Each structure stands twice: as structure tokens, then as C-alpha cells.
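Each chain, letter by letter, is given below.
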Amino acid sequence: MTEEKKDSKRKQHIISKLLKATIKAVIFYGIYFVLSMFLTPISEIVPSFQQTVELFVMVYISLMIIGELTRGTVFQHFFNTAKVFFVMLYLIFSLKRGIINIPFQNISLMIDLRLFMAIAMLLSLLGLAKCMLQAINYLNEKAGEAHFSSL
Amino acid sequence: MKIPIRMISIATSFFWFFLIVFYVSAVYSMKDVQFGFEEPQTMLTSRNQMLFCLPIKIDNKGYYNIGSFNVTTKISDKEGFPITQGSTFIPVIERGRQTTVTHNVTINIDDLFQNSQDYLFNDMELEVHETVGMKLAEVIPIQASTNFSMPWGAPLYNFTLGEIEYAICNLTHVTVTIPISFENHAFFNLTGSLRMCMYNSTSVLIGEGQTRIEAPQNTFYQEHVELTVPSIGITEDGYLEVYFSTPFFNSGPAVIPYD
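One structure accompanies this document, and this report is about it.

Conventions adopted
Residues numbered from 1 in each chain as written. Chains lettered and ligands numbered in written order. Predicted model: local features only at pLDDT ≥ 70, side-chain atom pairs only at ≥ 80, totals over all residues. Helix = DSSP H or I, 4+ residues; strand = E, 2+ residues; numbered from the N terminus. Buried ≥ 20, exposed ≤ 12 C-beta atoms within 10 Å, placed from the backbone. Contact = placed C-beta atoms within 7 Å. Rg over C-alpha atoms; globule rule 2.2 N^0.38 Å. Pairing = 2+ DSSP bridges. Nonpolar A, V, L, I, M, F, W, Y, C, P; charged D, E, K, R; others polar. Axes fitted to C-alpha atoms, helices over the stretch in contact; angles between N-to-C directions. Parallel < 35°, antiparallel > 145°, perpendicular 65-115°, else oblique. Left-handed = near helix turned anticlockwise from the far one by under 90°. Core = buried A, V, L, I, M, F, W, Y, C linked by C-beta atoms within 7 Å. Domains from an automatic or database assignment.

Section: the overall build of chain B
Along the backbone of chain B there are three helices and 16 strands. Projected onto its principal axes, the C-alpha coordinates of chain B cover approximately 120 × 35 × 25 Å. The 259 residues of chain B split such that 20% are buried. Restricting to contacts in chain B with at least 6 residues of sequence separation, those with at least 24 account for 61%.

Some points on the overall build of chain A
Looking only at helices and strands, chain A features five helices and two strands. Overall, chain A shows an N-to-C arrangement of helices and strands of α-α-α-α-β-β-α. For 151 residues, the compact-globule estimate of 2.2 N^0.38 gives 15 Å, and chain A exceeds it by more than 25% at 21 Å. For chain A, the spread of C-alpha atoms along the three principal axes comes to 75 × 30 × 15 Å. Sequence-distant contacts in chain A: of pairs separated by 6 or more residues, those separated by 24 or more amount to 59%.

Focus: the pairing of strand 7 (residues 124-136) of chain B
All names here are of chain B. For strand 4 (residues 66-76) and strand 7, the ladder comprises nine bridges, and the chain directions are antiparallel. Bridging across to strand 7, Ile-75 finds its partner in Val-128. Where strand 7 lies against strand 8 (residues 140-152), 13 bridges are found, and the strand directions are antiparallel. Bridged to Met-124 within strand 8 is Trp-152.

Things to note about the pairing of strand 2 (residues 41-44) of chain B
Residue and element names in this part refer to chain B. Pairing between strand 2 and strand 3 (residues 49-60): four bridges, direction antiparallel. Considered in strand 3, the bridge of Gln-41 is made with Cys-53. Counting the residues in the hairpin turn of strand 2 and strand 3 gives four residues, including Asn-48, whose phi is positive at 60 degrees.

So, the interface of chain B and chain A
Contacts between chain B and chain A engage 24 residues on the former and 24 residues on the latter. Broken down by secondary-structure element, the contributors of at least two residues to the side of chain B that touches chain A are helix 1 (2-28) and strand 8 of chain B. Among the elements that take part in the side of chain B that touches chain A, helix 1 of chain B stands out by supplying 14 residues, more than any other. Residues belonging to the side of chain B that touches chain A are distributed by class as follows: 17 nonpolar, five polar and two charged. For strand 2 (residues 107-112) of chain A and strand 8 of chain B, the ladder comprises five bridges, and the chain directions are antiparallel. Bridge assignment links Ser-108 of chain A to a residue of strand 8 of chain B, and that residue is Ser-145 of chain B.

Some thoughts on the packing of helix 1 (residues 2-38) of chain A against helix 3 (residues 48-69) of chain A
Residue and element names in this part refer to chain A. Contact geometry for helix 1 and helix 3: axes closest at 9 Å, N-to-C directions at 160 degrees. In terms of orientation, helix 1 and helix 3 fall into the roughly antiparallel class. The handedness of the crossing between helix 1 and helix 3 comes out as right-handed. The residues of helix 3 that touch helix 1, namely those facing Lys-17, Lys-20, Ala-21, Lys-24, Ala-25, Phe-28, Tyr-29 and Tyr-32, are Val-57, Ile-61, Met-64, Ile-65, Glu-68 and Leu-69.

Points about the sheet that holds strand 16 (residues 250-258) of chain B
Residues and elements named next belong to chain B. Overall, antiparallel pairing links the four strands, which are arranged 13-12-15-16 in an open sheet. The sheet terminates laterally at strand 13 (205-215) and strand 16, the two strands that pair on one side only. In this sheet, adjacent strand axes meet at a mean angle of 20 degrees when their direction is disregarded. Pairing of strand 15 (residues 238-245) with strand 16 involves seven bridges; the strand directions are antiparallel. By the bridge assignment for strand 16, Leu-240 is matched with Ile-256.

Considerations on the environment of Glu-39 of chain B
Structurally, the position occupied by Glu-39 of chain B is in the loop between strand 1 (33-37) and strand 2. Along the primary structure Glu-39 of chain B and Ile-56 of chain B are separated by 17 residues, whereas in three dimensions their C-alpha atoms are 9.3 Å apart.

What about the environment of Phe-104 of chain A?
All names here are of chain A. Of note, Phe-104 is situated in strand 1 (residues 99-104). Phe-104 gets classed as exposed once you count the C-beta atoms within 10 Å, which come to 12. Along the primary structure Phe-104 and Ile-45 are separated by 59 residues, whereas in three dimensions their C-alpha atoms are 6.6 Å apart. Contact partners of Phe-104, with chain neighbours within four places excluded, come to Ile-45 and Leu-109.

Some words on the nonpolar core
Counting 16 residues, the largest nonpolar core has Ile-109, Leu-112, Phe-113, Tyr-119, Leu-120, Ala-154 and Leu-156 of chain B as the members making the most contacts within it. At the level of elements, helix 2 (109-115) and helix 3 (118-121) of chain B are the ones that each hand at least two residues to this core. Per-element tally for this core: the top contributor is helix 2 of chain B, with three residues. Both domain 1 (32-152) and domain 2 (157-258) of chain B contribute no fewer than three residues apiece to this core. Residues contacting Leu-156 of chain B, with those up to four places away along its chain left out, are Leu-120, Phe-121 and Phe-182 of chain B. Formed by 14 residues, the second largest nonpolar core is a distinct cluster that contains Phe-116 and Ala-120 of chain A together with Tyr-64 and Ile-93 of chain B.

Description of unusual backbone geometry
Residues and elements named next belong to chain B. Backbone geometry places Ser-68, a non-glycine residue, at a positive phi of 45 degrees. Tracing the sequence through the fold places Ser-68 in strand 4. Overall, the presence of 14 C-beta atoms within 10 Å leaves Ser-68 in the partly exposed class. One non-glycine residue, Glu-138, adopts positive backbone phi at about 60 degrees. As for its placement among the helices and strands, Glu-138 is situated in the loop between strand 7 and strand 8.

Listed below in C-alpha cells is the structure:
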């Protein structure tokens, strides 16, 4: 009987995690969907723009779902950190030092996104600091629990 | 520790949201900004400089102001030698406002012909490098640039001297008639004078003549210059020095041999 209860609790826990992950992914995708409508004119000028953003959204959502599913374990922090690193590397590689040159017909278009990149990098570093604090906090709590259970 | 972590979470989420919404809306609002490049005009200034005027109409119906709007035109020859440059700058175009600005580029024709007589006698293509830059929402710098070529019409295109005719004037002098012809391909009417100096084979000046030029644009001009020269100084060959003097430019000598 106790085992059955434990099993059902585990199942409920997994279902709630899945639900949370799904809701988060849907909300994130919804935000992307709304923003992508505003960015349609850019996609017309830069054909690869939509593919690049879609790849980013796909990987980010995947990491978000995995992070959510591993919630309550140390792996959650690994995936959260990986998510932050992914954002930073993606920005560095896709924005090419912040100055983007787009050839369009016989016009050369240059967009300077260095300020955006600098702010985004600072926010990513802040996110990284948050992940580190969360990991430290998690390990601290685990150590505390182990200490009290040994008493 | 949980409270600081939550505070960092809230702060980063807020800033990310603000940053993305601001940049996306700034770029999106560009679709409501209209640029109208009207018919360019070419004219001559009171200082006899050639002036290109390009009226630009900017209708900013976007969400944000546009900052540091500038248009730069650089004109150079085929080899990349700079001829002239002009810039127009507007510090701020407020949202909901319509602004019209005239972008001017001047070319000093006299200096141009002093640098090279090719511009005087040969049609050619000039390279134009056009750059339009601005700051979206006064924060995001963008720049569009393009190159195109512009035809240059020579005012003395295909300048040629016809068969020189000699007529006896008196016992000591001969009247030399030199037919001249050219096409005025320039955008302006050519009025002025042409002076011709005749030298014999030993580079001695033997005669000088002058004629008035009146060639409206895109017309063929044909006239002759008469010189009275001493018959003793005439040789079979020699050369002519041609000087042009108009309100826009002074040029010469163009050395043309004869035989």
C-alpha cells in the first residue's frame, strides 16, 4: 500500500513537471510567435534570419524543458547554466561582434547592434551568476539535509 | 539566499523583456517611416559652381524619433580619384513629423577642368557613392550605402580642327582660317570665347585669333577662327594652342599639332 502511494506520488510529481515544462514551452513559443510577426519585414530582407531565430528558439526550448524535467536535482543547474552559455555563444556567433552587414539588391545595409549585444551579455552574465547561486544554494541545502539525517 | 536569487531572476527577466521589446519595436516601427527621394536638379550657382540638389522627404510615422539622420554623397572618377563630397545632417526627426531636406553637392567646374582636360573633351562615367545613416529610436545606428555611376557630358565633346585654309592678305601677311567644331554634351549652355595661338615648327608664335562661342546644351557647334600671320613665319607643320574662357571655367592651353 505504501509502495503504491509512493508510486502514485512519483507519477503525480512527474506529470506536474511535464505540465510545467509544457506550459513554459508554450508561453515561450507564444512570445516568439508574436515577436516573429513584427520581424517579418527583416525576414524578407534577410532570408536566413528566420531559420537562425527558429534554431535558437528550438534549442532554448529544449534546454528549458530538460531543465524543468530535472528540477530538484543537480542536473537542473547544469542545464540552466548550459542555457545561459548557449544564449551567450549564440549572440556572439550570430551577431558577429555586433555589426551586421546585409547585402540587399545593390544596397549594402549595416546595422550596429553593439549596444544590444553589450546589454545582452551583461544580462547573460547576471543569469550565469544566478545559476551559480542556485547551484550553491542547492548543494548547501543538500549538505544540510545530509547533516541532519545523520544526527 | 533564496530571496536574492529571486530578485536577480525578476530583474533579469524584466530587463530581457524590456530589451527585446524595445529593439523589436524600434525595428518594426521602421516600416512606418517613409523616405521620398524627389527628382534631382542640377544648376549653376552664382559662384559658377555646379550644384546637385536632391530633395528628400522623410515622414516619420514610427513609434520613436529618428536621430542623427545623415546623407553623404561622394563623387569620384573611374580611378577612384575624389572629385567632390557633400553631406546633409538632421539631428532629430521627431515622431509624427514630416521633414523635407535638400541634399546639396557642389562641384567646382573650374577646378575639375584644371585637374584633367578629359572632363572637357570626353564623355565619361562618374562613380557616386551614396550613404544614408540614422539612429533608430536615437539609439540603434543603421546605415545603407550604394554605388552607382552618373554620366558626365563633356562641354567640348569631339573638339576637332578642320582643314586649315590659307589666303593671301597682303604682300607680307596671310590670313589663316581654322574651322572648329564640337558638341556641347554638358548640362549647361556654353558661352564664352576661344583664343587660338599658332606656332610654327620652331615653336615661334606666328599668329593669334579669337572667336566667340555660343553653344546651347546638346547642340553641335561649328565655327572658324581667323588669324593673320606673317607669310615668312609659316612652316609646313607646327602646333596650335587653344584657350577657352567662359563664365564657368577657364581652360588651356590644349595643344593640337597641325601639318
